[in-house]
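Structural characterization, general
So you can see what is in the structure, the chains are spelled out below.
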Amino acid sequence: MAGLELLSDQGYRVDGRKASELRKVQARMGVFVQADGSAYIEQGNTKALAVVYGPHEMRGSRSRTRHDRAVINCQYSMATFSTAERKRRPHGDRKSTEMSLHLKQTFEAAVMTQLYPRSQIDIYVKILQSDGGNYSVCVNAATLAVIDAGIPMRDYVCACTVGFVDETPLSDLCYAEESGGVSSLALALLPRGGQIALLQMDARLHQDHLEALIEAAMTACKGVSKVLDEVVRQHLQEISLLSRD
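A few points on the structure. (Residues numbered from 1 in each chain as written. Predicted model: local features only at pLDDT ≥ 70, side-chain atom pairs only at ≥ 80, totals over all residues. Heavy atoms only, no water.)

Describing the layout of surface pockets
Quick reminder of the rule: A pocket here means an open set of points on a 1 Å grid, computed over the protein atoms alone, that has protein on both sides within 12 Å along at least five of seven lines. A cavity is instead a set of points where a 1.4 Å probe fits but cannot get out; residues with an atom within 4 Å of a point line either one. Grid points are joined across faces, edges and corners, and a volume is the space filled by probe spheres set on the points. In DSSP terms, a helix is any run of H or I states spanning at least four residues, a strand is any run of E spanning at least two, and both are numbered starting from the N terminus. Residues are grouped as follows: nonpolar covers Ala, Val, Leu, Ile, Met, Phe, Trp, Tyr, Cys and Pro; charged covers Asp, Glu, Lys and Arg; every other residue, Gly included, is treated as polar.
The calculated volume of the second largest pocket comes to roughly 170 Å³. The wall of the second largest pocket is formed by Ala-27, Arg-28, Met-29, Val-227, Glu-230, Val-231, Gln-234, His-235 and Glu-238. Sorting the residues of the lining of the second largest pocket by element identifies strand E1 (25-29) and helix H5 (207-244) as the ones contributing at least two each. Considering each element in turn, the lining of the second largest pocket owes the most residues, six residues, to H5. Among the residues making up the lining of the second largest pocket, the classes are represented as four nonpolar, two polar and three charged.

So this is what it looks like as structure tokens:
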């Protein structure tokens, strides 16, 4: 797919959005009663489910225990039906392992693990439908699930994938844009303090474009944080109404 097809002369993208426009975000918290925290999110056509257990006692090897903080365990997976390709997706494949590590690094920067020494927090995220920005959508879903579990965080951690086409940064890439040869990066941000939790690049990018892309990604993340904040407030209102009844 050529660059001109990804951005029209009028400034519209393949799905009709403007360059800095985010995909529509819909989310729900507390979707599973059995888990300590859970959330479901739709960001455009990408859909993800996140479940959190803990903090609880360490499981498995005791050598992983940290006496001054909790250990965060993350597991990423994709449903077999999440893409047009119907192929088996084992949990231990390279992409899933890499994504799990990125999620772990992201939430270690956001969760106040020092409050739970010698314990473990498990975060499981599954992509139900994939249409670009999988890492970002997983971060946003997991953030809501961690909040639902009542685990203190330094701030919301919000993520967005951005790309560069025709000297123009594009925010919140869909699959057509990601697969169109766009130079892209994924960024996770703690928006209140402007702290970058993770920055991931899968392709080469000229250094002259890097600053503009990071700025676009940070702006997009701040936009996502407003949406997530609204979801949390709405969830709390629903809980308070139920408790009154």
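Continuing now.
Considering the sheet that holds strand E9 (residues 195-201)
Strand pairing in a sheet takes place through backbone hydrogen bonds and is either antiparallel or parallel in direction. Quick reminder of the rule: Paired strands, in this sense, are two strands between which DSSP finds at least two bridges. Fitted lines through C-alpha atoms give the axes, limited to the stretch in contact for helices. The angle between two N-to-C directions lies from 0 to 180 degrees. We call two residues in contact when some of their heavy atoms are within 4.5 Å.
Pairing is antiparallel in the open sheet, where four strands are placed in the order E7-E6-E8-E9. Both outer strands of the open sheet, strand E7 (168-171) and E9, are each paired with one neighbouring strand and no more. The mean inter-strand angle of the sheet, taken between neighbouring strand axes irrespective of direction, is 25 degrees. Here strand E6 (residues 158-165) runs beside strand E8 (residues 183-190); their pairing, made up of seven bridges, is antiparallel. Paired with Cys-160 across the bridge in E8 is Leu-187. With respect to the sheet, helix H2 (residues 94-108) is in contact with E8 and E9, its orientation differing from that of E9 by roughly 165 degrees. The strands touched by helix H3 (residues 134-148) within the sheet are E6, E8 and E9, with E6 carrying the most contacts at an inclination of about 160 degrees.

What about the sheet that holds strand E2 (residues 37-43)?
A sheet is described by the order of its strands in space; here five strands give the open sequence E1-E2-E3-E5-E4, paired in mixed fashion. Of all the strands in the sheet, just E1 and strand E4 (71-78) have a single pairing partner and so form its edges. Taking each pair of neighbouring strands and ignoring which way they run, the sheet shows an average axis angle of 15 degrees. For E2 and strand E3 (residues 46-57), the ladder comprises seven bridges, and the chain directions are antiparallel. What sits directly across from Tyr-40, in E3, is Leu-49. Across the sheet, H2 touches E4 and strand E5 (119-129), and the angle it forms with E4 is around 140 degrees.

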